[in-house]
Amino acid sequence: MLQSFLTVGQQIITLYLLLVVGFVLGKVKILDDRASTAMSNLVMYVVSPCIMIVAFQRPLEREMLRNFGLVTGVSLLLHVVFIVVAVLLIRDGTTQRQGDLRFAAVFSNCGFIGYPLMAAMLGSIGIFYGSAYVIVFTVLTWTWGVYAVTGDRSQLRLKPLLLNPGVISVAAAMALYLCRITVPEMLMVPVRYLSELNTPVPMLVVGYQLSHADFRRALRGASAWVTLALRLVVLPLVSLGICLALRVPHDLTLVLLIAASAPPAALLSMFAARFGKDTELASSVVSVQTAISAVTMPVMVGLAELLA
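Residues numbered from 1 in each chain as written. Predicted model: local features only at pLDDT ≥ 70, side-chain atom pairs only at ≥ 80, totals over all residues. Heavy atoms only, no water.

Secondary structure summary: the protein chain contains 15 helices and zero strands in total. Taking 2.2 N^0.38 as the reference for a compact globule, 308 residues should give roughly 19 Å; the C-alpha atoms of the protein chain span a radius of gyration of 18 Å, in line with that estimate. In terms of overall dimensions, the protein chain has C-alpha extents of about 55 × 45 × 45 Å along its principal axes. By the burial criterion, 51% of the 308 residues in the protein chain qualify as buried. In the protein chain, the share of contacts with a sequence separation of at least 24, taken over all contacts with a separation of at least 6, comes to 84%. (Helix = DSSP H or I, 4+ residues; strand = E, 2+ residues; numbered from the N terminus. Rg over C-alpha atoms; globule rule 2.2 N^0.38 Å. Buried < 20%, exposed > 50% of the residue type's maximum accessible area, 1.4 Å probe, protein only. Contact = heavy atoms within 4.5 Å.)

Below, the structure written as structure tokens:
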């Protein structure tokens, strides 16, 4: 038992040391908002697609497809449960703040923080299965998530969902996989190099955001603490319970728990900026809970490693 916690903790501490570097670079003003935005775009539009190509370049096997479908189904079930719990338990007098907090409780940073940890613990197969969770996450963030942040149904559009880089990259990588198309090694070498940026670059960005976080505002009021408890403790435990009840295989449970126990999605800050909402609150909630997750994630993932 102790060894499981130590193994998970060591992987997560490694990631958070990179976060500390980003924090320091933000404090000494080597990184600024423009650099952070550029690095986020690099990960979203270049690094993530490369990760998908590397993860899906493997022999086509029926069991792996079945497992991929299982992770997709369980991920959808988990998100439905998350949404119901968030709507029932997160109540705030300010509609905008309530929407942001509900979004933070439901949607985790399954890409920026989830993928590096999945890769560290399970290799590329972890990202292969983890991408199923990200597909569900992407569809729901651009539908229910947009509505939660804006409170405006007219903002729900099909084009941003279909043209989202996360959806496009998974679709392209899956097409290569299903058609058994092997990317030439000459192309795969730079693709692998770019995919390896997925661990350091996102953590530097999160560290920079943390350097500008307002802890008092992010933790002000009962609803903020309810959100924190749900995102970092309650919903991950609920996820583990569901996986155990459904007898999800060990590695798949580990992938799902890594994704479900991650801190709030950085997409909350991006949505706040895109739709003209409170970006300071959004980035503070994401950053503060990311810092606290350095303690909670090893416990949650360690329990999954032990019990699944």
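Moving on from the coordinates now.
A separate point is helix 4 (residues 95-106). Compared with the 16 Å implied by 1.5 Å per residue over 12 residues, the 17 Å span of helix 4 between its first and last C-alpha is a close match. Across the 12 residues that make up helix 4, a large majority, 10, are buried. All buried positions along helix 4 are accounted for by Arg97, Gln98, Gly99, Asp100, Leu101, Arg102, Phe103, Ala104, Ala105 and Val106. (Expected span 1.5 Å × (residues − 1).)

Position of Ala218 relative to the elements: it lies in helix 11 (residues 215-218). A sequence separation of 66 residues divides Ala218 from Ser284, and the C-alpha atoms of the two residues are 5.5 Å apart. Each residue touching Ala218, except ones within four places of it in the same chain, is listed here: Ala224, Ser284, Val285 and Val288.

Attention shifts here to helix 15 (residues 279-307). In this model, helix 15 (29 residues) spans 39 Å end to end at C-alpha, consistent with the 42 Å of a helix rising 1.5 Å per residue. In the structure, helix 15 departs most strongly from a straight axis at Ser293, where the bend amounts to approximately 50°. (Bend = angle between axes of the 7 residues up to and from the residue.)

Across all of its chains, the model carries nine aromatic pairs by this definition. Pairing Phe103 with Phe107 gives two aromatic rings, centres 4.8 Å apart and planes at 55°, and the pair type is tilted. Residue classification places Phe103 among the buried residues on the basis of a relative accessible area of 0%. Overall, Phe107 belongs to the buried group, its relative accessible area being 0%. Plain terms: the ring middles of Phe107 and Trp144 are 6.0 Å apart, the flat faces sit at 55° to each other, and that makes the pair tilted. Residue Phe107 is located in the loop between helix 4 and helix 5 (114-122), and its partner Trp144 is located in helix 6 (residues 124-150); the two are separated by 37 residues in the primary sequence. Ring-pair connections join several aromatic residues into one group, and the members of that group are Phe56, Phe68, Phe128, Tyr129 and Tyr177. Its guanidinium or amino end placed over the ring of Phe128, Arg58 lies 5.7 Å from that ring's centre, counting from NZ or CZ. Sitting over the face of the ring of Phe82, Arg231 holds its NZ or CZ atom 5.8 Å from the ring centroid. (Phe/Tyr/Trp six-rings, centres within 6.5 Å; stacked < 30°, edge-to-face > 60°. Lys NZ or Arg CZ within 6 Å of the ring centre and 35° of its normal.)

Between helix 10 (residues 200-211) and helix 15, the shortest axis-to-axis distance is 8 Å and the interhelical angle comes to 110°. Compared by their axis directions, helix 10 and helix 15 come out roughly perpendicular. Note that helix 10 runs across helix 15; the crossing there is left-handed. Seen from helix 10, the contacting residues are Val206, Gln209 and Leu210; seen from helix 15, they are Val286, Ser287, Val288, Thr290 and Ala291. For the contact of helix 10 with helix 15, the residue count by class is five nonpolar, three polar and no charged. (Axes fitted to C-alpha atoms, helices over the stretch in contact; angles between N-to-C directions. Parallel < 35°, antiparallel > 145°, perpendicular 65-115°, else oblique. Left-handed = near helix turned anticlockwise from the far one by under 90°. Nonpolar A, V, L, I, M, F, W, Y, C, P; charged D, E, K, R; others polar.)

The topology assignment puts Ser223 in helix 12 (residues 222-245). Ser223 gets classed as buried once you look at its relative accessible area, which sits at 7%. With near-sequence residues (within four places) excluded, Ser223 lies in contact with Arg91, Asp92, Arg97 and Leu101.

Attention shifts here to unusual backbone geometry. Not every positive phi belongs to a glycine, and Arg180 is a case in point at roughly 55°. Secondary-structure assignment places Arg180 in the loop between helix 8 (165-178) and helix 9 (185-195). On the basis of relative accessible area, Arg180 is assigned to the exposed category, the value being 64%.

Together, Leu76, Val80, Val84, Leu88 and Leu89 make up an exposed nonpolar region whose accessible area comes to about 450 Å². Relative to the helices and strands, Leu76 is located in helix 3 (residues 62-89). Since its relative accessible area comes to 43%, Leu76 is described here as partly exposed. (Patch = residues over 30% accessible without salt bridge, like charges linked within 9 Å, V, L, I, M, F, W, Y side chains within 5 Å. Areas by Shrake-Rupley, 256 points an atom, 1.4 Å probe, with all protein chains shown as cover. Salt bridge = Lys/Arg side-chain N within 4 Å of Asp/Glu carboxyl O.)

Contact pair helix 4 / helix 14 (residues 267-274): the axes reach a minimum separation of 10 Å and the direction vectors enclose 150°. Classified by the angle their axes make, helix 4 and helix 14 are roughly antiparallel. For the pair helix 4 and helix 14, the crossing hand works out as right-handed. Every residue of helix 14 that contacts helix 4 at Asp100, Phe103 and Ala104 is listed here: Leu267, Leu268 and Phe271.

Another point: the environment of Ala272. Relative to the helices and strands, Ala272 is located in helix 14. Take Ala272: its relative accessible area is 0%, and that puts it in the buried class. Considering only alpha carbons, one finds Ala272 and His79, 193 residues apart in sequence, at a separation of 21 Å. Apart from the residues within four sequence positions on either side, Ala272 is in contact with Lys277, Asp278, Thr279 and Ala282.

Any link to function would need more than the numbers given here.
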